[in-house]
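Residue strings, one per chain:
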Amino acid sequence: VTSPCKILKCNSEFWAATSGSHHLGTEEAPEFCTALRAYAHCTRRTARTCRGDLAYHSAVHGIDDLMVQHNCSKDGPTSQPRLRTLPPGDSQERSDSPEICHYEKSFHKHSAAPNYTHCGLFGDPHLRTFTDTFQTCKVQGAWPLIDNNYLNVQVTNTPVLPGSTATATSKLTIIFKSFQECVDQKVYQAEMDELPAAFADGSKNGGDKHGANSLKITEKVSGQHIEIQAKYIGTTIVVRQVGRYLTFAVRMPEEVVNAVEDRDSQGLYLCLRGCPLNQQIDFQTIRSAQATEGRTRRKGPSLPAPPEAFTYETATAKCREKLPVEDLYFQSCVFDLLTTGDVNFMLAAYYAFEDVKMLHSNKDKLHLYERTRDLAPGNTAPSGTAPTLWVALLCLSQCWLGLL
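Residues numbered from 1 in each chain as written. Predicted model: local features only at pLDDT ≥ 70, side-chain atom pairs only at ≥ 80, totals over all residues. Heavy atoms only, no water.

Q: Any chance you could explain the state of the cysteines here in plain terms?
A: By definition, a disulfide is the covalent link that joins the sulfur atoms of two cysteine residues. Here the structure, examined in full by the defined rule, presents seven disulfides. For Cys319, the disulfide goes to Cys333, at an S-S distance of 2.0 Å. Here the disulfide of Cys319 and Cys333 is left-handed, its torsion about the S-S bond being about -90°. Of the two residues, Cys319 is situated in helix α8 (residues 312-320) and Cys333 in helix α9 (residues 328-340); the sequence distance between them amounts to 14 residues. (Disulfide = S-S within 2.5 Å. Helix = DSSP H or I, 4+ residues; strand = E, 2+ residues; numbered from the N terminus.)

Q: Explain the side chain of His225 here, please?
A: Within the fold, His225 resides in strand β9 (residues 225-230). Here the side chain of His225 touches Arg240 through a polar contact of 3.5 Å, side chain to side chain. Residue contacts for His225: discarding those within four places in its chain leaves Leu195, Thr218, Glu219, Lys220, Val238, Val239 and Arg240. (Polar contact = N/O pair within 3.5 Å; in protein donor to acceptor, adjacent residues only side chain to side chain. Contact = heavy atoms within 4.5 Å.)

Q: So what exactly am I meant to see when it comes to the side chain of Asn205 here?
A: Structurally, Asn205 is set in the loop between β7 (186-191) and β8 (215-221). In this structure the side chain of Asn205 is engaged in a polar contact, spanning 3.1 Å, whose partner is the backbone nitrogen of Gly207. A polar atom in the side chain of Asn205 sits 3.3 Å from the side chain of Asn213.

Q: Sorry, what's going on with the pairing of β7 here?
A: One face of the sheet, then the other: side chains in a regular strand alternate in exactly this way. Of all six residues making up β7, six are buried, and the element is well covered by its neighbours. Side chains Lys186, Tyr188 and Ala190 project from β7 onto one buried face, and the interleaved Val187, Gln189 and Glu191 project onto a second face that is buried too. (Buried < 20%, exposed > 50% of the residue type's maximum accessible area, 1.4 Å probe, protein only.)

Q: When you look at the sheet that holds strand β5 (residues 151-159) in this model, what are you seeing that I'm missing?
A: Strand pairing within a sheet occurs via backbone hydrogen bonds; the two strands may be parallel or antiparallel. Strand order in this open sheet of four strands is β4-β5-β6-β7, and the pairing throughout is antiparallel. Lying at the two open borders of the sheet, with one neighbouring strand each, are β4 (141-147) and β7. Direction aside, neighbouring strands of the sheet carry axes that sit 20° apart on average. Where β5 meets strand β6 (residues 167-176), nine bridges bridge the pair, whose relative direction is antiparallel. Directly across from Val153, in β6, lies its bridge partner Ile174. (Pairing = 2+ DSSP bridges. Axes fitted to C-alpha atoms, helices over the stretch in contact; angles between N-to-C directions.)

Q: What's the story with the pattern of salt bridges in this structure? I'm lost.
A: Note that side chains of opposite charge can pair when their charged atoms are close. With the rule as written, the count across this model stands at six salt bridges. Residue Arg128 pairs with Asp132 through a salt bridge whose shortest N-O separation is 3.0 Å. For Arg128, a relative accessible area of 1% puts it in the buried group. For Asp132, a relative accessible area of 10% puts it in the buried group. (Salt bridge = Lys/Arg side-chain N within 4 Å of Asp/Glu carboxyl O.)

Q: Is there a simple way to explain the sheet that holds strand β2 (residues 126-128) in this structure?
A: The sheet built from seven strands is open, its strands ordered β3-β2-β1-β11-β10-β9-β8 with antiparallel pairing. In the strand order of this sheet, the two ends are held by β3 (134-136) and β8, each with one partner. Taken over all neighbouring pairs, the strand axes of this sheet differ in orientation by 10° on average, direction set aside. By the bridge criterion, six bridges tie β8 to β9 in an arrangement that is antiparallel.

Q: Honestly, the packing of aromatic side chains in this entry has me stumped. Any pointers?
A: Counted according to the given criterion, the structure contains 11 aromatic pairs. Ring centres of Phe14 and Phe32 lie 6.0 Å apart, and the angle between their planes is 70°; on these two criteria the pair is classed as edge-to-face. Of the two residues, Phe14 is situated in helix α1 (residues 7-18) and Phe32 in helix α2 (residues 29-45); the sequence distance between them amounts to 18 residues. Since its relative accessible area comes to 7%, Phe32 is described here as buried. Aromatic pair Phe14 and Tyr39: ring centres 4.4 Å apart, planes at 15°, arrangement stacked. On the criterion of sequence distance, the pair formed by Phe14 in helix α1 and Tyr39 in helix α2 is long-range, its members being 25 residues apart. Judged by relative accessible area, Tyr39 falls into the buried class, the value being 1%. In this structure an aromatic cluster arises from ring pairing among Phe122, Phe134, Tyr329 and Phe353. The ring of Tyr245 has Arg244 lying over it, and the distance from NZ or CZ to the ring centre is 6.0 Å. The cationic tip of Lys322 hangs over the ring face of Tyr350; the distance from NZ or CZ to the ring centre is 4.7 Å. (Phe/Tyr/Trp six-rings, centres within 6.5 Å; stacked < 30°, edge-to-face > 60°. Lys NZ or Arg CZ within 6 Å of the ring centre and 35° of its normal.)

Q: It is not clear to me how the pairing of β4 should be interpreted in this structure. Could you clarify?
A: The pairing of β4 with β5 spans six bridges and is classified as antiparallel. By the bridge assignment, Pro144 is partnered in β5 with Gln154. Where β4 folds back onto β5 in an antiparallel hairpin, the turn is made up of three residues.

Structure follows, in structure tokens:
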């Protein structure tokens, strides 16, 4: 499902045209204004389909502000010349950024080093919470991943195939709230086939405040991988597009995770509380559930065939190419190949684990196994303790094929 609102395309085109423009001399201001008018024209073209879109309204207000700041006329040419980029070695970093905009220097000046936690969402979708609980969930539609005093993260999951219960993340919205003299409020939004390297207003940092560069976006792989550093809250966010769908991973201090005004209102904060019980897929009972579903669906219209039919054997062989350790990332890969037939879900599991290796502070907890949530914190089960899951997965593949 692709949104008809094309504001992300407008944002990307404007940033491409004005990369490095914050350091241009006044003689190049006309070119900046030309690009800005083109940006405004692009937003007007998509206005009808963007009603209610937060990123769209943020962009419109941002354009008005930039017009005033740069004394740009709303009338004039709207071609988009590519302005020169920053010379090698030139940096936007401000050496005199206030200390409050560096988390480790400010929040923990007189205390112990912060304890960092990790949360990730990928695939069909699979969730690893801040407490290292691993779940496979349905969560179709819009759900909050993170909701605290500093930022909000919301994902939208849509069916992978018509009529299927398998879902994947098709849209991601991140709102960084205004913080002291560090950053203005910034919105980042990504959708299928649109992974911008800038915020919704076209900027790549936290705005006009003194510590604006304590919030920055870096494009690692064009259209496939971006990283957001929020130094003022000690947070790193990684967003990827793998195939048609998005993955999310974050490294965040425990103090920031728990910075909320009303903890009772956070029952659906997935990264902290996990998925609701009625949204979780229990591997232990999947055999009977799939059998029942199969009998029901055989009475009605049949499901469409997945792009590629994997057997249990071919799915495990494919997943071992990228995930040699038979942990929950490997098992998720097998599960997704059997339910979707899309090999990109194997890559999503692989990159999710790569992000864990980069972001998780405890290298002894990188691999998770089936019994992890039943053990005390810090314990893991050996890889040979998950035979019931393999039986369930094999049944799932057989039931899926039986529905076709």
